[in-house]
Amino acid sequence: MDSIVEQQRQAYEDVERMEQAIVNLMLQNLTKHRYRLIREQKINELLEQIQGRSQILLDLEKKEGLGSKESARMEERGFDEFYERMNDIRSYHYRNPDLVVRPPEIEYEKYKHNPEEADEKRRAQRNALLEETTEDAAVDEDVVETFIDEDDEHKLETMFSGEERFGRYVDLNEQHDMYLNLKDARKLTYLEYLNEFATDSALSSKRKDKQYEQYLDSLKQYFEGYFARAMPLFNLPKAQSEAKEAFDKEYKSESDTSNQLFCSICKRQFEKQTTLAAHMNSRKHQKAVQKLQNEPAAASQRIEQDRQLAWRKYLVQTYTKILEDRIKDTRANVERRQALTDEERQRELQDDDVSIDGDADDTGEQTYNPLNLPLGWD
């Protein structure tokens, strides 16, 4: 087993290589949406590996100064320690003569190379081979390795639904079906649902049944999964923490205000103080109060359940605000696709490899369409 000092040295070296790999990835000017997405996923993986190495260093530091003791012992023994360790290395390689050693720096070389430039080189070589313009024309099998491989392409193909188009849009068709099955839900089309699903009326807190809880959970889980797939570098824990802090303040404020004309026991909102007073003296209310007094645990559980439902609703609305632009693009895409034939839709799904102009993609430039007419795939 490597010494404590050697483990620390290796961990620090790995962290430096990973940080440099992230820099190399960020410096690449990529125009294809799928390549940009894979790059973000690679950066996220590297960040997780850096956290892992950092945890190793923290664990080593906690071992009661073993690293310092080992360094002191090495200094005390001098060359005796050096030759002893060198003999151990020689003995290891003598026992394993055919061991293939891959230098760590080679593993990170691929992060320096632009996959679009590699694609262009392969394309030029194929064209030269087809045209046979030169005697040396041949496809070079040793084209430089990039950070994208076949596994990444396959993973991307299976990661998104057809409606999501590799993370450009959201796909809430399943949640739309669940919404239509809710009690007292309005019969909205999918396009109408995309406009209204995050409103207070659509997420009405008056629905307290199990089906409503499952619907809220489905929305929450979908958006959290979408962030992980389509926006891997988005700091979701930070957004959740900020949302929780804001929710706690708003929930307390709303509770204090609404409680003036709200019967928390019967779950009824009143418009006038006189109506509320009459309700408080009613036999039905008194019976409900007596029931809760006999079952204090049930009352506490109901209050906590209401709070959790309100939190999930608030979280869904927070996610919707963060993804406002993508949901807007989704609505525009759904409206446009409704004007296409089945053949045109299939052709469009096969056209996801088209490069996206970097400036246009970043600035959100849209096609001039003053009459707001449906646009075709071409």
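On a predicted model such as this, the values are computed, not experimentally measured, just so you know.

## Observations regarding the packing of aromatic side chains
A complete count under the given rule lists 14 aromatic pairs for this structure. Each ring, one from Tyr179 and one from Tyr193, has its centre 5.5 Å from the other, and the planes form 45°; the classification is tilted. One end of the pair, Tyr179, is in helix H8 (residues 173-180); the other, Tyr193, is in helix H9 (residues 190-196), and 14 residues separate them in sequence. As far as burial versus exposure is concerned, Tyr179 and Tyr193 are alike and both buried. Ring plane angle 55° and centroid distance 5.6 Å describe the contact between Phe247 and Tyr314, whose orientation is recorded as tilted. Of this pair, Phe247 sits in helix H11 (residues 236-258) while Tyr314 sits in helix H14 (residues 296-322), and the two are 67 residues apart along the sequence. Across the pair, Tyr314 and Phe247 agree in class, each one buried. Members of the aromatic cluster, each reached through a chain of ring pairs, are Tyr179, Tyr193, Phe197, Tyr215, Tyr222, Phe223, Tyr226, Phe227, Phe234 and Tyr319. The ring of Phe166 carries the charged tip of Arg34 above its face, separated from the ring centre by 4.6 Å. Over the aromatic face of Trp311 sits the side chain of Lys244, whose NZ or CZ is 5.7 Å from the ring centroid.

## Description of a negative patch on the surface
A surface patch of like charges, here negative, comprises Glu145, Asp149, Glu150 and Asp151. Note that Asp149 resides in the loop between helix H6 (115-131) and helix H7 (150-159). Take Asp149: its relative accessible area is 35%, and that puts it in the partly exposed class.

## Topic: the packing of helix H2 (residues 33-61) against H7
Put simply, H2 and H7 touch, their axes get as near as 11 Å, and they point 105° apart. Looking at the two axes, H2 sits roughly perpendicular to H7. Where H2 abuts H7, its residues Arg34, Tyr35, Leu37, Ile38, Gln41, Lys42 and Glu45 lie against Asp152, Glu153, Lys155, Leu156, Glu157 and Met159. For the contact of H2 with H7, the residue count by class is five nonpolar, one polar and seven charged.

## Remarks on empty space enclosed by the protein
All chains considered together, the criterion is met by one cavity of 30 Å³ or more. Space inside the largest cavity adds up to approximately 50 Å³. Ile38, Gln41, Lys42, Glu45, Asp152 and Lys155 together form the lining of the largest cavity. Per-element accounting of the lining of the largest cavity gives the leading share, four residues, to H2. Here the residues of the lining of the largest cavity sort into one nonpolar, one polar and four charged.

## Topic: unusual backbone geometry
Unusually for a residue other than glycine, Arg165 sits at a positive phi of about 50°. Along the polypeptide, Arg165 turns up in the loop between H7 and H8. Phi is positive for Asp184, which is not a glycine, with a value near 65°.

## Side note on a nonpolar patch on the surface
A cluster of nonpolar residues, Phe79, Phe82 and Tyr83, forms a patch on the protein surface that exposes about 370 Å² of accessible area. Relative to the assigned elements, Tyr83 resides in helix H4 (residues 79-95).

## Thoughts on the confidence of the model for the protein
Chain-level statistics for the protein give a pLDDT mean of 80 and a share of 79% at 70 or above. In the model, residues 353-365 has pLDDT below 50 throughout and makes 14 contacts with residues more than four positions away in sequence or in other chains.

What counts, and at which threshold
- Residues numbered from 1 in each chain as written.
- Predicted model: local features only at pLDDT ≥ 70, side-chain atom pairs only at ≥ 80, totals over all residues.
- Heavy atoms only, no water.
- Phe/Tyr/Trp six-rings, centres within 6.5 Å; stacked < 30°, edge-to-face > 60°.
- Helix = DSSP H or I, 4+ residues; strand = E, 2+ residues; numbered from the N terminus.
- Buried < 20%, exposed > 50% of the residue type's maximum accessible area, 1.4 Å probe, protein only.
- Lys NZ or Arg CZ within 6 Å of the ring centre and 35° of its normal.
- Patch = residues over 30% accessible without salt bridge, like charges linked within 9 Å, V, L, I, M, F, W, Y side chains within 5 Å.
- Areas by Shrake-Rupley, 256 points an atom, 1.4 Å probe, with all protein chains shown as cover.
- Salt bridge = Lys/Arg side-chain N within 4 Å of Asp/Glu carboxyl O.
- Lys, Arg positive; Asp, Glu negative; His and termini not counted.
- Charge placed at Lys NZ, Arg CZ, Asp CG, Glu CD.
- Axes fitted to C-alpha atoms, helices over the stretch in contact; angles between N-to-C directions.
- Parallel < 35°, antiparallel > 145°, perpendicular 65-115°, else oblique.
- Contact = heavy atoms within 4.5 Å.
- Nonpolar A, V, L, I, M, F, W, Y, C, P; charged D, E, K, R; others polar.
- 1 Å grid on protein atoms, 1.4 Å probe; cavity = no way out; pocket = protein on both sides within 12 Å on 5 of 7 lines; lining within 4 Å.
- Points joined across faces, edges and corners; volume = space filled by probe spheres on them.
- pLDDT = per-residue confidence, 0-100.

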